[in-house]
Amino acid sequence: MAVNDIPALQPPPQSSLTSRILAHRLFRPLTALAVLLLIDFLLIPGFFHLEVRDGHLYGALVDIVNRAAPLMLAAIGMTLVIATRGIDISVGAVVALSGTVASMLIGGTMVMQDGVPVYLADTPMLVAIAAALGAALLCGLWNGALVAGLGLQPIVATLILMVAGRGLAQLLTDGQIVTVYYQPYFFLGSGYLFGLPFALFVVAVVFGVTALLLRHTALGLFIQAVGINPVAARLAGIRTAALIVFVYVFAATCAGMAGLLISSNVKSADANNAGLMLELDAILAVTLGGTSLAGGKFSLAGSLVGALIIQTLTYTIYSLGVPPEVNMVVKSVVVFLVCISQSDQFRQLWQRRRA
């Protein structure tokens, strides 16, 4: 056979644009969000209506994104924890504790100056915020030490703080709601910048810095390696213990910032109810965004979309007059479906049925 008679190797056909879109990790969460928005458009009058009042943008969409900001922050931190095969169910307690510390330190008293009431903080606001974030950081160190140092299961280690953290916040406040009387502090959760809620800029900064660290440093690769096989990652020279401590500290810090947004928005700190069940919403948002509960595979952008899905679903249920209890049932069904879809047996069964 001549050389020219040998058939040339043909390059594999490139996947079509539709196939690439369907295979993208954000396709399913964005589709779910689009379906929810379509339902709201059909059933809720004026859902997409936006208006500018006093230089601020108002509307249902702005309200959803603004209320989802604390959940977005918690989901960003939870993404890295789950990517390392961990879980953090103490997020809500850290939210309550950080909000309590900031509110107690700021406090606020009213004085009259030239007949105008002026509110003064008991402690400089920056010092109070630093103390609140420092308390959250210590909580993350505690979780990381138990998981990486003592080798406790993540759900057991964070369960300790889930109970003790909220209990500590209630001890600090004697079980009472601490009210804040300081206008600059309210700007964090309810202020506006360039016509948009200031909380969105906080989320954007945290997301941007985290994405840069994960994409332009080796941090993202290390997290993936630990999530896929922690033993192999340690043998390859990765300091897995230090990395695990870091992700828990990062998650707690994000939860601390969420606590600041919540307490400043409601102008008080409720140690009993602040951040209640937020950890479950954060886990659900992360899994809805495409992060694997088995570790390794994660998506920061998907976690933000997942948080928007949860907040949009909550808004839809309340706007349609459905009892609030139904919201928990819907979330439980979604969690069940997500867990089933990520199981290996389900994927194999689905592939066989497709074949």
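Residues numbered from 1 in each chain as written. Predicted model: local features only at pLDDT ≥ 70, side-chain atom pairs only at ≥ 80, totals over all residues. Heavy atoms only, no water.

S.K.: Please provide a residue-by-residue account of the nonpolar core, values included.
M.R.: Proteins that are soluble and globular tend to have nonpolar side chains buried together. Counting residues in hydrophobic clusters, the biggest one holds 84 residues, and the most contacted among them are Leu73, Tyr185 and Ile223. Sequence-distant contacts of tyrosine 185, that is, excluding residues within four places in its chain, are made with Ala102, Ile106, Met125, Val180, Leu260, Ser263 and Ser264. (Core = buried A, V, L, I, M, F, W, Y, C linked by side-chain atoms within 4.5 Å. Buried < 20%, exposed > 50% of the residue type's maximum accessible area, 1.4 Å probe, protein only. Contact = heavy atoms within 4.5 Å.)

S.K.: Can you tell me about the pattern of salt bridges, naming the residues and giving the values?
M.R.: Applying the stated criterion across every chain yields a total of 2 salt bridges. The partner of glutamate 51 in a salt bridge is arginine 53, and the shortest N-O contact between them spans 3.7 Å. With a relative accessible area of 34%, glutamate 51 lands in the partly exposed category. (Salt bridge = Lys/Arg side-chain N within 4 Å of Asp/Glu carboxyl O.)

S.K.: Go over the pairing of strand S1 (residues 50-53) with me, naming the residues and quoting the values.
M.R.: Examined bridge by bridge, S1 and strand S2 (residues 56-59) share 4 bridges and lie antiparallel to one another. Following the sheet pairing, valine 52 is matched in S2 by leucine 57. (Pairing = 2+ DSSP bridges. Helix = DSSP H or I, 4+ residues; strand = E, 2+ residues; numbered from the N terminus.)

S.K.: Could you give an account of a nonpolar patch on the surface, naming the residues involved and the relevant values?
M.R.: On the surface, Val35, Leu38, Ile39, Phe41, Leu42, Leu43, Phe48 and Leu320 cluster together to form a nonpolar patch covering roughly 770 Å² of accessible area. Here isoleucine 39 shows up in helix H2 (residues 27-43). (Patch = residues over 30% accessible without salt bridge, like charges linked within 9 Å, V, L, I, M, F, W, Y side chains within 5 Å. Areas by Shrake-Rupley, 256 points an atom, 1.4 Å probe, with all protein chains shown as cover.)

S.K.: Describe the packing of aromatic side chains, listing the residues and the values that go with them.
M.R.: Under the criterion given, the structure shown has 7 aromatic pairs. Arranged with centres 5.7 Å apart and planes meeting at 45°, the rings of tyrosine 58 and tyrosine 192 form a pair that is tilted. Taken together, the residues span a long stretch of sequence, with tyrosine 58 in strand S2 and tyrosine 192 in strand S6 (residues 192-193) at a distance of 134 residues. Note on phenylalanine 187 and phenylalanine 198: the rings are 4.9 Å apart at their centroids and 45° apart in plane angle, and the pair reads as tilted. Note that phenylalanine 187 is positioned in helix H7 (residues 183-190) and phenylalanine 198 in helix H8 (residues 198-216), a separation of 11 residues in sequence. Assessed through its relative accessible area of 34%, phenylalanine 187 is described here as partly exposed. Connected via pairs of aromatic rings, a cluster forms that spans Phe41, Phe47, Phe48 and Tyr315. Taking the ring centre of tyrosine 58 as reference, the NZ or CZ of arginine 53 above it sits at 4.4 Å. If you follow lysine 267 out to its NZ or CZ, it ends over the ring of phenylalanine 186, 4.9 Å from the centre. (Phe/Tyr/Trp six-rings, centres within 6.5 Å; stacked < 30°, edge-to-face > 60°. Lys NZ or Arg CZ within 6 Å of the ring centre and 35° of its normal.)

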